[in-house]
Amino acid sequence: MFSDRFALPVKGTKAVLRFLLLYGWLFGLLATAGTATARDLVILATPEEPYKFLDSGVYKGIDIEVIDEVMKRLGVTYRVELIESGTRIQQEARTGRADMLLLFSKKKDRLDYLIYPRESYLDISWNFFIRAEDEGRIKYERFDDLKDLQIGITQDFAYTPDFLKSGLDFQTVTRNNLQIGMLLAKRLDAVPMNAISTLYEEKKAGRLDKLSYLPKPLITKPYYNVFARASTYPDIEDLAARYDETIRAMKADGTLDAILIKYLGRRPDTHTPGDS
């Protein structure tokens with residue numbers, strides 16, 4: 001039999017039991033939270049240079065470097081998977097099997113299953129590219145400013161209705177990748193092109209110094225890295241808010257500029273030719 005001196009008073013025993021129950025509840029809560037946050041954030045995207053692509057087994061691109069820096073600053077581990085089908089990655093977000101998708105424009109029908117952050121670090125614009133020697137001579141504020149020029153357009157591309165009805169002298173090209181060559185050969189005077197993709201391709205081709213583009217875009221649209229509402233990742237809405245804060249900080253400290261210049265040779269919203 002145990003000695004009475006080791007027995008606790010009844011009042012003391014209840015207090016100890018309450019403490020043990022509370023401690024056990026807190027320990028269980030912390031253990032559950034630790035388990036929930038232990039998994040990587042799952043990020044899906046469609047491959048497209050220069051935004052996200054696979055190079056010699058390594059993911060590279062503007063979006064890849066931005067996401068890597070954001071997650072480092074937030075202390076979040078993650079994994080990226082590139083999938084060819086945009087429809088499939090949206091379905092993965094709808095079912096909660098993906099936590100985040102890269103580079104999406106905002107559409108009303110997507111708001112039901114995607115959380116859009118406030119910050120977009122990438123506006124994709126279609127600008128009129130011209131030869132560097134014509135910079136200052138060719139201007140564009142209205143379509144009439146281009147009326148005496150030969151404007152290249154690509155067959156079956158969806159341009160804005162106002163542009164197609166402008167009465168400009170259009171020269172239709174069968175493939176979009178022929179446009180810049182025809183421009184530099186002086187068979188065309190201006191061509192509307194995706195500014196970021198064109199700067200990237202021409203930087204790789206070593207022709208960036210031969211080109212410029214007009215600062216006013218034909219059309220521009222912000223793109224976002226979005227979060228899945230059905231995600232089981234803890235506090236996904238809070239993560240979206242912290243993502244916004246981090247993107248704002250990266251804009252302010254020059255990190256975003258450095259990534260864009262690395263891939264494009266210059267920021268896409270400036271039209272002065274830059275070094276590669």
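Cut-offs used in this document
- Residues numbered from 1 in each chain as written.
- Predicted model: local features only at pLDDT ≥ 70, side-chain atom pairs only at ≥ 80, totals over all residues.
- Heavy atoms only, no water.
- Helix = DSSP H or I, 4+ residues; strand = E, 2+ residues; numbered from the N terminus.
- Buried < 20%, exposed > 50% of the residue type's maximum accessible area, 1.4 Å probe, protein only.
- Phe/Tyr/Trp six-rings, centres within 6.5 Å; stacked < 30°, edge-to-face > 60°.
- Lys NZ or Arg CZ within 6 Å of the ring centre and 35° of its normal.
- Axes fitted to C-alpha atoms, helices over the stretch in contact; angles between N-to-C directions.
- Parallel < 35°, antiparallel > 145°, perpendicular 65-115°, else oblique.
- Left-handed = near helix turned anticlockwise from the far one by under 90°.
- Contact = heavy atoms within 4.5 Å.
- Nonpolar A, V, L, I, M, F, W, Y, C, P; charged D, E, K, R; others polar.
- Pairing = 2+ DSSP bridges.

This part covers the overall build of the protein chain. Across its full length, the protein chain carries 8 helices and 12 strands. Per-residue burial over the protein chain gives 42% buried out of 276 residues.

Moving on: the packing of aromatic side chains. Under the counting rule described, the total for this entry stands at 13 aromatic pairs. Measuring from centroid to centroid gives 5.8 Å for Phe 143 and Phe 163, while their planes differ by 45°, and the two rings are tilted. Placement of the pair is Phe 143 in the loop between β7 (122-131) and β8 (150-154) and Phe 163 in helix α4 (residues 161-164), with a sequence separation of 20 residues. Site record: aromatic cluster; members linked through ring pairs are Trp 126, Phe 128, Tyr 140, Phe 143, Phe 157, Tyr 159, Phe 163 and Phe 170. Lying over the aromatic face of Tyr 113, Arg 94 brings its terminal NZ or CZ to 3.9 Å of the ring centre. Stacked on the ring of Tyr 224, the Lys or Arg Lys 106 has its end atom at 5.3 Å from the ring centre.

Quick look at unusual backbone geometry now. At the junction of Glu 49 and Pro 50, the peptide bond is cis and its omega measures out at 5° in the coordinates. Considering the arrangement of structural elements, one finds Pro 50 in the loop between β1 (41-45) and β2 (53-55). A positive phi is found at Asp 156, a non-glycine position, where the angle reads about 70°. Classification of Asp 156 by relative accessible area gives exposed; the value is 75%.

What follows covers the packing of helix α2 (residues 62-74) against helix α8 (residues 255-264). One can describe the packing of α2 onto α8 by two numbers: an axis separation of 10 Å at closest approach and a directional angle of 155°. Put simply, α2 runs roughly antiparallel to α8. As for the relative orientation of α2 and α8, their crossing is right-handed in sense. Mapping the contact onto sequence places Ile 62, Glu 65, Val 66, Glu 69 and Arg 73 in α2 and Thr 255, Leu 256, Ile 259, Leu 260, Lys 262, Tyr 263 and Leu 264 in α8. For the contact of α2 with α8, a count of residues per class yields 7 nonpolar, 1 polar and 4 charged.

What follows concerns the pairing of strand β10 (residues 191-194). Every second residue of β10 is oriented toward a common face, with Val 191 and Met 193 on one face and Pro 192 and Asn 194 on the other, all of them buried. Note that β7 and β10 share 4 bridges and pair antiparallel. Residue pairing for β10: Phe 129 is matched across the bridge by Val 191.

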